[in-house]
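A look at the structure
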Number of protein chains: 2
Amino acid sequence: MIVIKKSVTIYDIAKKVETSTATVSRVLSNSNYPVSQELRKKIIKVAKALNYVPNMSGRQLKTNKSMAIGVIVPSISNPFYSSVVLGIEETARKNGYNVLLCNSHQSPELEIEHIQTLFQKQVQGLIISSISDKFDLLNDYISRGLNVVAIDEKLDNLKIGCQILFDYRKGGYIATKHLLEKGHRKIGYVTAPMDRPSRIGIFQGFKDALLENNIMINEAWIQVSNNVEGSLNKNVYEFKNGKNLIRNIINLPDRPTAILACNDMTAIGVLNELEAQGIKVPDQMSVIGFDNIELGEMISPALSTIDHPKQEMGVFSCNMLLERLNEDNFKINEIVLQPQLIERNSVAQIY
Amino acid sequence: MIVIKKSVTIYDIAKKVETSTATVSRVLSNSNYPVSQELRKKIIKVAKALNYVPNMSGRQLKTNKSMAIGVIVPSISNPFYSSVVLGIEETARKNGYNVLLCNSHQSPELEIEHIQTLFQKQVQGLIISSISDKFDLLNDYISRGLNVVAIDEKLDNLKIGCQILFDYRKGGYIATKHLLEKGHRKIGYVTAPMDRPSRIGIFQGFKDALLENNIMINEAWIQVSNNVEGSLNKNVYEFKNGKNLIRNIINLPDRPTAILACNDMTAIGVLNELEAQGIKVPDQMSVIGFDNIELGEMISPALSTIDHPKQEMGVFSCNMLLERLNEDNFKINEIVLQPQLIERNSVAQIY
DNA sequence: ATGAAAGCGCTAACAG
DNA sequence: CTGTTAGCGCTTTCAT
């Protein structure tokens, strides 16, 4: 072992076949440049015999095509992003690209570091769910030819590049509308800090639906967590959030009959706390979530929610990026994915 | 836009500073080769002025160091693997490496394809949770100098390379022991097909504990799913599995008082079905899972389980790989991570 | 302390 | 159809 044999190159093959590296390259790189059948066969045979494996570094330097794309997400352990990334990787692979995965851990500095490394590594494109709003660096790279597509969170200052968004506002509207149609008039909203377009959007949709039905918003039923997102794992954090926030509502003299949560994990925290307090869902209180994570259909009662297509988001974003890599005229610059109501068992009809 | 300016290279800088590319390289690549302060400063200044970004392809070709490692897992959307990958990526980044992420989707062919691509892309190492048992290819690459570390599933035929394992057998033993200590004597085991060392290990531990206490195994209480893992998402699949398997047990005239599941997702399916059937956990039946996924503490009753350190597995495996990249004498070739009992509320004391 | 030059493995003009 | 050759951007030996 540790006998790291010098690896065989097209030069070795050329020598053995008594031809040129150019011809070998033409054959082995699947170029459509004409090469006689005879030579071709011989080259392939020798390549196999020598156990040749192409070194992509060479090609990469020459062609300036790394066949790699970078993906930056807050954390791959968040099931939302792992679904997105799955969609991206699959699509990338089918098109001959590889994915360099980076976790930004909610840190703008780390995000910048990743962007720089990826650019230096010559990724041909970047898919990013950015948590920062400083785009100088990104814009700089974009103007140098880097293709970027932003997912989920709107990056308004982005010079160029495209976005895959999700209509959170409509999602909030649909969820609230569903509650209204089930007869609820006293509806609460529990949410993590409204420091992101997504969460603000849901809240706006919530208000839209209420106003449309001439229902006043009861401020006491709007519970916003003020904790800073800390060291805790995000999922657990949101779960705990749901528990804490619903407690404030339960203690109110006048309780709402239904709750909308800013995401499923928070909704599950709500469910858990209600169960702990002996409040039956949906009989005594209805709950609707937001995201449609798998978990929602595994718990009891199964969680009604708003579907946010995750893997599709990955697939779309990657396709969009690839299109930009291969063509000059970009047809589409923005896709807004649509929310969809998923009815399960956590919302009751009220009479 | 689309003005893809030719990017600036060390040659451009050398020209402007009126020095050689060698010196520029020495300064900009943080080599410890001596360069006068004066020149150094001038080079750095010009580099900044020209907005220089190093092209790693050049370095990579020259040094044959891609500073990238490959990671192949069945599916990143499986929370187990996303935790592992998070640990890997973090560790890799801290050491200047990037991660090329691949999903094998339980397909040996795809796995092989990924291994080939990664090798061609000159990854310096590979961390793999293999689903195949054909190692000819892997062994071939290993003998060509590729460093690989296998995680979770034992790869016995691996020529060289190291493994990070988990003591599933002891885990199964500890879980069963816990049930026994809580007074249970009638214990069932529900599991996905026992086609993997991990699942077989748990079952052996289960048997070890029972035999140790002179308890005969009741075959009817051992439920093995025979479904082929199909197109369904794995999590949902396991959840459904749990539901189906426990149904067979519920219908028995003589029911066990406690159930061990081969993983938490299956256990949660069991919980869900028991709830649906009106069987109270843990009062009427105790359930213990295996894995300690986050979900387990969010449901009600919170799931007692066996902790399988996931992120740590990623960190360890990456550190082990990096050690092998940098040193010749490998101290450790195998790490076996230890299971740990997590007591929550799904197991009752029996008198 | 600095520079000239070779070359990593590959591709792609260009010439024949 | 085939070969010659010039690099891609960088590092590194060797000479100065």
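Please read all numbers here as calculations on a predicted model, not as lab measurements.

**Quick look at the environment of Met 67 of chain A**
Residue and element names in this part refer to chain A. Note that Met 67 resides in the loop between α4 (56-63) and β1 (68-73). Met 67 sits in the buried class, given 20 other C-beta atoms within 10 Å. Excluding residues that lie within four positions of it along the chain, Met 67 makes contacts with Gly 96, Tyr 97 and Asn 98.

**Let's talk about the packing of helix α1 (residues 10-17) of chain B against helix α3 (residues 37-49) of chain B**
Residue and element names in this part refer to chain B. As a packed pair, α1 and α3 sit with axes 10 Å apart at the nearest point and diverge in direction by 125°. Between α1 and α3, the interaxial angle falls into the category oblique. Handedness of the α1/α3 crossing: right-handed. Contacts between α1 and α3 involve Ile 13, Lys 16 and Val 17 on the former and, on the latter, Lys 42, Ile 43, Val 46 and Ala 47. Per-class residue counts for the contact of α1 with α3 are 5 nonpolar, no polar and 2 charged.

**Points about the interface of chain A and chain B**
Facing the 49 residues of chain A at the interface are 49 residues of chain B. Taken together, the elements giving at least two residues each to the side of chain A that touches chain B come down to α4, α5 (79-94), β2 (98-103), α6 (108-120), α10 (234-250) and α11 (264-276) of chain A. In terms of residue count, α5 of chain A provides more of the side of chain A that touches chain B than any other element does, 7 residues in total. The class makeup of the residues in the side of chain A that touches chain B is 22 nonpolar, 19 polar and 8 charged.

**Describing the protein's contact with DNA strand C**
The full set close to DNA strand C counts 27 residues, and Thr 9, Ala 22, Ser 25 and Gly 58 of chain A together with Pro 34 of chain B are the nearest of them. Of all the secondary-structure elements, those providing two or more residues to the surface near DNA strand C are α2 (21-28) and α4 of chain A together with α2 (21-28) and α4 (56-63) of chain B. Tallying contributions element by element places α4 of chain A first for the surface near DNA strand C, with 5 residues. For the surface near DNA strand C, the class distribution of residues is 10 nonpolar, 14 polar and 3 charged.

**So, the protein's contact with DNA strand D**
Taken together, 28 residues form the shell around DNA strand D, and within it Ala 22 and Pro 34 of chain A together with Thr 9, Ala 22 and Gly 58 of chain B come nearest. Those elements that place two or more of their residues in the surface near DNA strand D are α2 and α4 of chain A together with α2 and α4 of chain B. With 5 residues, the top contributor of residues to the surface near DNA strand D is α4 of chain B. Class assignment of the residues belonging to the surface near DNA strand D gives a composition of 10 nonpolar, 14 polar and 4 charged.

**What to know about the relation of the copies chain A and chain B**
Once chain A is rotated about the relating axis by 180° and shifted along it by 0.1 Å, it coincides with chain B to within an RMSD of 0.1 Å. Taken together, the turn and the small shift mark the pair as related by a two-fold rotation axis. Looking at the rotation axis and the C-alpha trace of chain A, the residue lying nearest is Leu 100 of chain A, at 2.3 Å. An overlap of 100% is found between the interface residues of chain A and their copies at the interface of chain B, pointing to a shared contact surface.

**Section: the domain arrangement of chain A**
All names here are of chain A. Taken as a whole, chain A is organised into domain 1 (10-54), domain 2 (65-166 + 310-338) and domain 3 (168-308). Each of domain 2 and domain 3 was reduced to a C-alpha centroid, and the two centroids are 30 Å apart. Opposite the 10 residues of domain 2 that make contact, domain 3 presents 10 residues. Across the side of domain 2 that touches domain 3, the residue classes tally to 3 nonpolar, 3 polar and 4 charged.

**As for the sheet that holds strand β8 (residues 258-261) of chain A**
Residue and element names in this part refer to chain A. Read from one edge of the open sheet, 4 strands run β7-β6-β8-β9, paired in parallel fashion. Every other strand in the sheet has two partners, leaving β7 (222-224) and β9 (286-288) as the edge strands with one partner each. Put simply, the sheet's adjacent strands are angled 15° from each other on average, direction ignored.

Each value, and the rule that gives it
Residues numbered from 1 in each chain as written. Chains lettered and ligands numbered in written order. Predicted model: local features only at pLDDT ≥ 70, side-chain atom pairs only at ≥ 80, totals over all residues. Helix = DSSP H or I, 4+ residues; strand = E, 2+ residues; numbered from the N terminus. Buried ≥ 20, exposed ≤ 12 C-beta atoms within 10 Å, placed from the backbone. Contact = placed C-beta atoms within 7 Å. Axes fitted to C-alpha atoms, helices over the stretch in contact; angles between N-to-C directions. Parallel < 35°, antiparallel > 145°, perpendicular 65-115°, else oblique. Left-handed = near helix turned anticlockwise from the far one by under 90°. Nonpolar A, V, L, I, M, F, W, Y, C, P; charged D, E, K, R; others polar. Near = placed C-beta within 6 Å. Least-squares fit on C-alpha atoms with pLDDT ≥ 70 in both. Domains from an automatic or database assignment. Pairing = 2+ DSSP bridges.

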